[in-house]
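Analysis of the macromolecular model
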Amino acid sequence: MSPAVSNNASRRAAELRERLDEASHRYHVLDAPTIPDAEYDALMRELEALEAAHPELVTSDSPTQRVGAAPSSAFAEVRHEVPMLSLANAFSDEEIGEFVRRIRTRLDLNADASLKFSVEPKFDGLAISLRYEDGKFVRGATRGDGETGEDVTANLRTIKQIPLKLHGKGWPTVIEVRGEVYMPRAGFEKYNETARESNGKIKPLINPRNAAAGSLRQLDPRITAKRPLAFYAYAVGVVEGGELPTTHSAMLKKLHAWGFPVSTLVDTADGAQGCLTYFHRVGEQRDALPFDIDGVVYKIDDLATQRELGFVGRTPRWAIAHKYPAQEQTTTIEAIEINIGRTGAATPTARLKPVFVGGVTVTNATLHNADQVARLDVRIGDTVIVRRAGDVIPEVARVVVERRPAHTHRWKMPAHCPICGSAIVREEGEVVARCTGGLACAAQVQQALFHFAARRAMDIDGLGERFIEGLTDFGYVKSPADLYKLKLHDLLEMKRRADERDGTTPETVKAGKVATKWAENLIEAIAQSRRTTLARFLYSLGINHVGESTAKALATWFGDIALIRHLPWPILKLVPDIGGEVARAIDAFFEQDGNQRVIDDLLEHGIVITDAHAPIAKVRAALTTANVLADMELPGITEKRSEQLAQAFDSLEAILHAPPAKLSASGVPLDVAAALASALEQAQTRELFKRSAHAMHLLLERAESAKGAAGPLDGKTVVLTGSLNSLTRDEAKDKLEALGAKVAGSVSKKTSFVVAGAEAGSKLDKATELGVEVWDEARLVKFLHAHAG
Ligand code: D41
């Protein structure tokens with residue numbers, strides 16, 4: 001190789017190193033990238049190629065040297081020429097006051113003389129020392145015991161925030177920069193996410209602090225390189241052949257100028273009060289920081305004063321760490337229980353061996369939901385890390401799998417509610433599992449009553465949240481049915497006890513007068529609510545997914561609570577707008593004995609449904625074997641296959657009892673027939689077939705036939721006159737006809753009633769003359785509304 005070529009290559013390599021180093025510093029330290037990633041990669045590849053072709057060009061500070069060193073078998077010891085000191089800890093404002101007073105006494109300063117501190121966050125990571133000779137990174141070591149650490153140079157080189165070469169100028173010939181290697185939270189979470197998805201191949205990291213320490217102690221730097229580590233500088237050790245500023249804060253600024261990351265939270269403060277203000281200010285930001293801190297550090301800013309104060313043993317008198325309460329602690333899981341919320345949501349909760357974390361003793365931690373339990377694989381007996389950040393509910397952050405005892409089991413959501421025994425159901429695509437005992441579950445009774453009494457439900461005027469709380473808290477009401485058993489004196493007693501408990505007894509009551517009007521009104525409102533429509537009643541039950549319009553559709557189609565309360569979901573799906581999810585929620589609700597008992601109780605002691613009727617003719621039309629079969633969501637059973645099967649068998653029972661050979665002979669593809677045969681071997685499917693067949697018979701027996709379609713206006717003749725506001729004449733006509741009325745053009749003795757809009761003329765006169773009933777628009781609208789499908 002000619003010297004000229006080598007010279008060129010050498011110049012290009014130096015240029016590439018310079019540009020890559022600058023880009024890396026701007027990206028990792030200054031957080032202000034200047035060149036696109038792709039360009040960085042291209043420059044890096046060019047440098048790698050150059051160095052491969054000319055190995056003599058490789059320098060120790062080349063960016064290509066951050067990764068790739070071969071694994072070492074052990075770390076060499078490094079003696080710290082200037083020891084790495086330890087920090088005293090303080091946990092209270094008082095201790096900080098004493099710390100500052102001690103300093104003032106030693107310095108002969110009175111209480112109001114200014115005393116400047118450099119104040120900085122205390123990172124939760126691993127202390128290290130980085131040695132630079134002639135501006136080049138030559139060695140990095142862990143703190144160890146402060147005297148002797150381990151040589152982890154190869155690992156530290158992989159941390160992009162650590163400059164391999166000092167920036168700027170004016171640095172000493174030899175300088176040791178000290179600081180903390182830590183793992184930012186996002187990197188930690190991401191790493192653990194990958195670990196969780198690796199099925200045990202990658203071990204999750206315990207916490208960001210252990211993660212940093214463990215990563216630096218890897219014998220293979222290629223492993224360290226994959227860990228998202230970062231660095232902040234906060235001190236210097238050996239300094240030779242150069243001058244440093246005279247204050248700590250100025251020195252940190254210098255370090256920043258030389259290429260080291262220095263926390264933007266670093267500041268200065270005056271006296272104990274200034275330090276404490278800083279402590280609280282940073283404390284407020286703590287949860288939002290992208291890294292963990294366990295406190296703040298106060299350091300006398302003036303370096304000469306630091307020297308004057310000196311040390312006690314290895315601990316400087318001029319610095320102290322002021323700690324925040326730990327946010328994470330290790331404890332064990334004593335039990336996993338589920339908590340049923342007001343809406344029935346079942347939340348798994350861990351019962352813990354009590355542990356002091358985040359400033360309080362914690363005995364329970366939320367596990368959020370079944371997915372979270374599965375993700376963490378939390379088991380009873382496990383050692384776990386509990387986290388309580390700020391004021392949020394404590395949560396189980398991680399499991400320490402290494403400490404798992406023998407014979408543990410994966411946790412499963414229980415099938416039944418611990419409060420009411422109803423089934424716990426998790427709908428497809430839902431994160432939350434729910435107790436289905438909406439009416440019968442003590443955990444949900446307040447919510448159930450609130451919904452039951454609402455204006456659009458049973459419309460019990462005056463039954464607000466406070467009374468509902470009183471009635472349930474003192475045991476007067478355990479379900480909506482109990483409302484109809486309340487006596488005046490129950491209400492008065494309840495009120496008296498609630499007032500007493502809450503300390504809200506009015507003066508008039510104290511004076512011996514008892515107000516009873518409100519209670520009389522409430523009893524009256526409850527009585528008033530007894531007579532109701534089927535749609536309102538269904539809506540008031542608070543079935544998951546059943547809003548007013550679904551309740552109306554159910555009422556219109558089936559007409560009778562005695563039927564609706566036993567319909568299996570494939571039959572419910574026959575109603576337009578009721579899909580599988582809603583149908584299953586309705587079925588699941590009525591499947592719970594507790595709910596059925598409350599409905600019995602309501603119908604026996606309270607509610608009168610005023611508009612029960614036979615299932616409408618559309619039910620009969622929809623109730624074909626093919627339709628019901630198609631609604632059952634069996635694998636491969638499409639509408640077309642259902643038609644074929646219905647042709648071949650003509651009832652659900654026949655299909656249920658058909659031998660597999662006959663299913664195959666029905667014309668559907670063999671794999672579909674086989675899938676159906678195996679589905680029919682499952683008890684659950686057989687049960688669904690039986691219930692559906694039974695419901696079909698019952699409905700067909702009761703449903704109207706198309707001709708004599710039942711409508712509330714069957715056989716009535718109605719005449720429309722004048723103009724209507726809320727709907728057109730045509731719409732009114734359609735709706736009346738849909739309810740069975742015949743709409744005629746002129747008034748006669750046979751007219752059942754006349755609907756008179758604004759400016760009604762002769763027809764209205766005629767009606768009055770003949771004594772025919774007259775409805776105004778409001779009455780019509782109310783009627784149509786009550787009977788809307
Ligand atoms: O952030 C830290 N963990 C931190 C640690 C910090 N910000 N400053 C520190 N300052 C010192 C002195 C005052 C002794 C130079 C420290 C530590 N020491 C330290 N880290 C581990 C042991 C001591």
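Placed above this text is the structure.
The structure contained in this document is the topic of the report that follows. Because the structure is a prediction, the values reported are computed rather than measured.

1. Quick look at the overall build of the chain
Within the chain one finds 32 helices and 26 strands. At 40 Å, the chain has a C-alpha radius of gyration far larger than the 28 Å of a compact globule built from 789 residues. Expressed as lengths along the three principal axes of its C-alpha atoms, the size of the chain is roughly 120 × 85 × 65 Å. Across the 789 residues of the chain, 47% fall into the buried class. Partitioning the intrachain contacts of the chain with sequence separation of at least 6 by distance along the chain shows that 69% fall at a separation of at least 24.

2. Things to note about the site of the ligand
In the neighbourhood of the ligand, 16 residues make up the surrounding shell, with Leu85, Glu120, Phe123, Tyr234 and Lys299 lying closest. Here an oxygen atom of the ligand sits 2.8 Å away from a polar atom, N or O, in the main chain of Phe123. The separation between a nitrogen atom of the ligand and a polar side-chain atom of Glu180 is 3.2 Å. For the ligand, whose accessible area on its own is 490 Å², the fraction buried by protein is 88%.

3. So, the state of the cysteines
The final tally for this structure, using the stated rule, is zero disulfides. The cysteine Cys435 is free of any disulfide, with Cys420 supplying the nearest cysteine sulfur at 3.6 Å.

4. Section: the layout of surface pockets
Of the volumes computed, that of the largest pocket is approximately 1200 Å³. Those elements that place two or more of their residues in the lining of the largest pocket are strand E3 (116-123), strand E4 (126-133), strand E7 (174-182), strand E8 (230-240), helix H8 (248-257), strand E10 (293-300), helix H10 (303-309) and strand E13 (319-323). Element by element, the count of residues in the lining of the largest pocket is highest for E8, at five residues. In the lining of the largest pocket, the residues fall into 23 nonpolar, 10 polar and 11 charged. Empty space within the second largest pocket amounts to approximately 1000 Å³. At the level of secondary structure, the elements contributing two or more residues to the lining of the second largest pocket comprise helix H1 (3-28), helix H2 (37-53), helix H5 (185-197) and E8. Of the residues contributing to the lining of the second largest pocket, the split by class is 22 nonpolar, nine polar and five charged.

5. Observations regarding the packing of aromatic side chains
Per the stated rule, a full pass over the model turns up 15 aromatic pairs. Between Phe467 and Trp518, the aromatic rings sit 4.7 Å apart at their centres with planes inclined by 25°, giving stacked as the arrangement. One end of the pair, Phe467, is in helix H13 (residues 465-473); the other, Trp518, is in helix H16 (residues 517-528), and 51 residues separate them in sequence. When its relative accessible area of 17% is taken as the criterion, Phe467 is described as buried. We classify Trp518 as partly exposed; its relative accessible area is 22%. Each ring, one from Phe753 and one from Trp775, has its centre 3.9 Å from the other, and the planes form 5°; the classification is stacked. Of this pair, Phe753 sits in strand E25 (residues 753-756) while Trp775 sits in strand E26 (residues 773-775), placing them 22 residues apart in sequence.

6. So, the pattern of salt bridges
Summed over all chains, the structure comprises 44 salt bridges. Notably, a salt bridge pairs Arg466 with Asp499, separated by 3.1 Å at the nearest N-O pair. Taken together, the positions of Arg466 in helix H13 and Asp499 in helix H14 (residues 488-502) put the pair 33 residues apart, joining distant regions of the chain. Residue Asp499 is classed as buried on the basis of its relative accessible area, which comes to 4%. Overlapping salt bridges, with partners in common, bring together Arg466, Asp473, Lys495, Asp499, Arg501 and Asp502 in one network.

7. Re the sheet that holds strand E23 (residues 717-721)
Working definition: the strands of a sheet are paired by backbone hydrogen bonds and lie parallel or antiparallel to each other. Spatial ordering of the open sheet is given by E24-E23-E25-E26, a layout of four strands whose pairing is parallel. One side of each edge strand has no neighbouring strand; the edge strands of this open sheet are strand E24 (742-744) and E26. For this sheet the average axis-to-axis angle between neighbouring strands, irrespective of direction, equals 30°. With three bridges connecting them, E23 and E24 associate as parallel partners. Bridge assignment links Val719 to a residue of E24, and that residue is Ala744. Sitting on the sheet, helix H30 (residues 729-738) touches E23 and E24, and the angle it makes with E23 is about 170°. Of the strands in this sheet, E25 and E26 touch helix H32 (residues 777-786), which is tilted by about 80° from E26.

8. Things to note about the side chain of Asn595
Of note, Asn595 is situated in helix H22 (residues 593-605). With relative accessibility at 0%, the residue Asn595 sits in the buried group. Not counting residues up to four positions away in its chain, the partners in contact with Asn595 are Thr436, Gly437, Gly438, Leu439, Ala440 and Phe589.

9. What to know about the environment of Gly344
Position of Gly344 relative to the elements: it lies in the loop between strand E14 (328-340) and strand E15 (345-357). Distance in space between the C-alpha atoms of Gly344 and Val431 is 13 Å, their sequence separation being 87 residues. Here Gly344 is in contact with Ala433, Arg434, Cys435 and Gln444, once residues within four sequence places are set aside.

10. Some details on the sheet that holds strand E5 (residues 136-142)
Spatial strand order, E5-E4-E7-E8: four strands in an open sheet with antiparallel pairing. The two strands at the open ends of the sheet, each matched to only one other strand, are E5 and E8. Geometrically, the sheet is characterised by an average inter-axis angle of 25° between neighbouring strands, direction not taken into account. Here E4 runs beside E7; their pairing, made up of eight bridges, is antiparallel. In the strand pairing of E7, Ala127 is matched with Glu180.

Calculation rules
- Residues numbered from 1 in each chain as written.
- Predicted model: local features only at pLDDT ≥ 70, side-chain atom pairs only at ≥ 80, totals over all residues.
- Heavy atoms only, no water.
- Helix = DSSP H or I, 4+ residues; strand = E, 2+ residues; numbered from the N terminus.
- Rg over C-alpha atoms; globule rule 2.2 N^0.38 Å.
- Buried < 20%, exposed > 50% of the residue type's maximum accessible area, 1.4 Å probe, protein only.
- Contact = heavy atoms within 4.5 Å.
- Near = heavy atom within 4 Å.
- Polar contact = N/O pair within 3.5 Å; in protein donor to acceptor, adjacent residues only side chain to side chain.
- Areas by Shrake-Rupley, 256 points an atom, 1.4 Å probe, with all protein chains shown as cover.
- Disulfide = S-S within 2.5 Å.
- 1 Å grid on protein atoms, 1.4 Å probe; cavity = no way out; pocket = protein on both sides within 12 Å on 5 of 7 lines; lining within 4 Å.
- Points joined across faces, edges and corners; volume = space filled by probe spheres on them.
- Nonpolar A, V, L, I, M, F, W, Y, C, P; charged D, E, K, R; others polar.
- Phe/Tyr/Trp six-rings, centres within 6.5 Å; stacked < 30°, edge-to-face > 60°.
- Salt bridge = Lys/Arg side-chain N within 4 Å of Asp/Glu carboxyl O.
- Pairing = 2+ DSSP bridges.
- Axes fitted to C-alpha atoms, helices over the stretch in contact; angles between N-to-C directions.

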